[in-house]
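Structural overview for review
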Amino acid sequence: MTSSPLPRYQQIAAELAAQLENGDYPPGSRLPAVRQLAARYGVNNLTALAAYRLLEQQHQVEARPRAGFFAAWPPSPQPASHTAASLPLPSAAALVDLHSRMSTLLLLADDRIPLQLHMAEAAPALYPSAELARRLQQTLARQPELIGAHLPGNTQRRLTAALQQLAQQRGMALSADGILPCHGITEGISLALRHLTRPGDTVAVETPVYFGLLQTLQGLGLKALEIPCTPDQGLSLPALEFALRHGPAVRCLVCVPNFQNPTGGLMPDEGKRALLQLARRHGLTLIEDDVFGDLYYGSERPTPIKAWDRDGEVIYCSSFTKSYAPSFRLGWIAGGRHHAALARLQASSTLAVSPLLQAVLAEVLESGDYQRSSQRIRQQLAAQMHATADAVLRHFPKGTRVRKPQGGMLLWVECPEGSDSTRLLQQALHAGISFAPGLVFSAEPRFGHCLRLSCGQPFTPALDAALATLGRLLSRQLSQDKDVPAASLPPL
Ligand SMILES: Cc1ncc(COP(=O)(O)O)c(C=O)c1O
């Protein structure tokens, strides 16, 4: 018995289903218009439409009013069958919500996304884990009592003496008594803000700005006043001056003058000095975040603003989380005339930093291990940055702009006008790639056409292929959106 051939619309639907299965149309991407499909298969529009309707019934495509047909997202699993593999991937659209940005981005650290470029993190292999493990063992063998120590006491004095030396190499003349170890810059900035502000106050920040800072401000009930920042010059001083003269009262400024996140911008020395003068004229306290300063690619480390601070009005925050040992979560603050208040606040919130980790870090600094390792780390980051930036320019559509930073691990990519990097992220996640879309770097809808890539991973053929995939998805997005009137573009 011979089976009768399938009706034409079912044959077309089967072919489209195979292409969807193949990944030719990633979830969320636009499918050919009905009349294009009809022309492709030499059928009339009604037959083509019937093929789409059949796939719609099978939940393989989605119809959007006035916009056409789109490849459907994979169905959400039933609650009873939740396993890591069956959970839906995080939704990029959730990043619109400021409250959940950080937690949504953290969720992207998912095994189903092999190429994770969304956080300001370097590959674990970049860090001197074996060397650090040896130091940890030696420290414990010599001072086993550190395990039972409640408060750091002498250990902290030894560490702050080593940090004073480090500060001197950066051009800062500090006293060891004015240095406070803390849990990364995150704690340092939070202490500084708690000390300087009250809920409802306004704090000036750069824009685009590190999303973690926006969330810290939000948690403390503070308003962010966003001041433009460019990859070339860093924070715009004319814009800051204008805001200070004409805007709401600003209590303090948080800035990242060395390899800013996300732009990678490095403020020139004269800009840093001018910023300090401007702040002094307006009675503005500066909170300087120098998290990336040790990751410079050139021959000289950039000088912190704190090096020119004669009044103790700059609260300087530094950290080893990017440049040496992410898991130690160790940083330090030089709070100038605010030091005692910051120490009191720390005592009432986190009490102190682990005596054991402080002791290991002191040894690492005294031995020169830190300086040697960070030199190797920054050379490797420089190579990865150059390779990544070149690949972006090779693979992304014409009109894409990047400015290679002179340090750090972050590449800011300005895609052609009209690009929607949040939509791109949703497609990229299904292709196993993540990045930070521009929208997360402001409380306003400002940078939707930009994205930030971490250059912390070794540059491999797989990474090159991932960037090529991003470039292709973006080109497709731009060419599809060109054909559709803006008013009918689907929402996120
Ligand atoms: C600009 C900036 N500041 C602070 C932090 C957090 O620093 P830490 O890990 O020392 O808390 C980050 C992390 O990405 C950052 O990009």
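Residues numbered from 1 in each chain as written. Predicted model: local features only at pLDDT ≥ 70, side-chain atom pairs only at ≥ 80, totals over all residues. Heavy atoms only, no water.

For glutamate 187, the location among the structural elements is in helix H7 (residues 184–196). There is no salt bridge for the buried glutamate 187, and the closest opposite charge comes from arginine 194, which lies 6.4 Å off by N-O distance. Sequence-distant contacts of glutamate 187, defined by excluding residues within four places in its chain, comprise Cys182, Gln346, Ser349 and Thr350. (Helix = DSSP H or I, 4+ residues; strand = E, 2+ residues; numbered from the N terminus. Buried < 20%, exposed > 50% of the residue type's maximum accessible area, 1.4 Å probe, protein only. Lys, Arg positive; Asp, Glu negative; His and termini not counted. Salt bridge = Lys/Arg side-chain N within 4 Å of Asp/Glu carboxyl O. Contact = heavy atoms within 4.5 Å.)

Strand order in the open sheet formed by five strands is S3-S14-S15-S13-S12, with mixed pairing between adjacent strands. Edge positions in the open sheet fall to strand S3 (115–117) and strand S12 (401–402), since each of these has one partner strand only. For S3 and strand S14 (residues 433–437), the ladder comprises three bridges, and the chain directions are parallel. Along S14, the bridge assignment pairs glutamine 116 with serine 434. The strands touched by helix H13 (residues 369–395) are S12, strand S13 (410–414) and strand S15 (450–454); relative to S13, the strand with the most contacts, the crossing angle is about 15°. Helix H14 (residues 421–430) contacts S14 and S15 of the sheet and is inclined by roughly 165° relative to S14. (Pairing = 2+ DSSP bridges. Axes fitted to C-alpha atoms, helices over the stretch in contact; angles between N-to-C directions.)

Once that is clear, we can look at the site of the ligand. Looking at the ligand, there are 14 residues lining it, with Thr186, Asn261, Asp289, Ser319 and Arg329 nearest. Separating an oxygen atom of the ligand from a backbone N or O atom of isoleucine 185 is a distance of 2.7 Å. Within the side chain of aspartate 289, one N or O atom sits 2.5 Å away from a nitrogen atom of the ligand. In terms of residues, the shell around the ligand owes the most to one element, H7, which gives three residues. The residue inventory of the shell around the ligand, partitioned by class, reads six nonpolar, five polar and three charged. (Near = heavy atom within 4 Å. Polar contact = N/O pair within 3.5 Å; in protein donor to acceptor, adjacent residues only side chain to side chain. Nonpolar A, V, L, I, M, F, W, Y, C, P; charged D, E, K, R; others polar.)

Interface size is often expressed as the accessible area that is lost when the parts come together. Segmenting the protein chain into domains produces domain 1 (8–71), domain 2 (84–126 + 373–488) and domain 3 (129–370). In this structure, domain 2 and domain 3 have C-alpha centres spaced 27 Å apart. Between domain 2 and domain 3, the residue contacts involve 32 residues of the former and 31 residues of the latter. Interface of domain 2 and domain 3: buried area, both sides summed, is about 2800 Å²; carbon and sulfur atoms make up 59% of it. Inspection of the domain 2/domain 3 interface yields two salt bridges. Arginine 446 is the partner of glutamate 226 in a salt bridge, and the nearest nitrogen-oxygen pair spans 2.6 Å. The interface formed by domain 2 and domain 3 includes 17 residue pairs in polar contact (both at pLDDT 80 or more). Of all elements in the fold, only helix H4 (101–107), H13 and S13 reach the threshold of two or more residues within the side of domain 2 that touches domain 3. (Domains from an automatic or database assignment. Buried area = accessible area lost by both parts, 1.4 Å probe.)

Both faces of strand S4 (residues 179–182) are covered, namely the face carrying Ile179 and Pro181 and the face carrying Leu180 and Cys182. The pairing of S4 with strand S11 (residues 331–334) spans four bridges and is classified as antiparallel. Its bridge partner lying in S11, isoleucine 179 is registered against alanine 334.

Another point: H7. Between its first and last C-alpha atoms H7 spans 19 Å; for 13 residues at 1.5 Å apiece the expected length is 18 Å, and the two agree. Most of H7 is tucked away, with ten of its 13 residues classed as buried. Every buried residue of H7 is listed here: Gly184, Ile185, Glu187, Gly188, Ile189, Ser190, Leu191, Ala192, Leu193 and Leu196. (Expected span 1.5 Å × (residues − 1).)

Moving on, we come to the confidence of the model for the protein chain. Scored by pLDDT, the protein chain has a mean of 91; 94% of the residues are at 70 or more. Taken together, the stretch residues 77–82 has pLDDT below 50 and engages in six contacts with residues farther than four places along the chain or on a different chain. Within the model, pLDDT remains below 50 along residues 485–492, and this stretch shows 15 contacts once partners closer than five positions in the same chain are excluded. (pLDDT = per-residue confidence, 0-100.)

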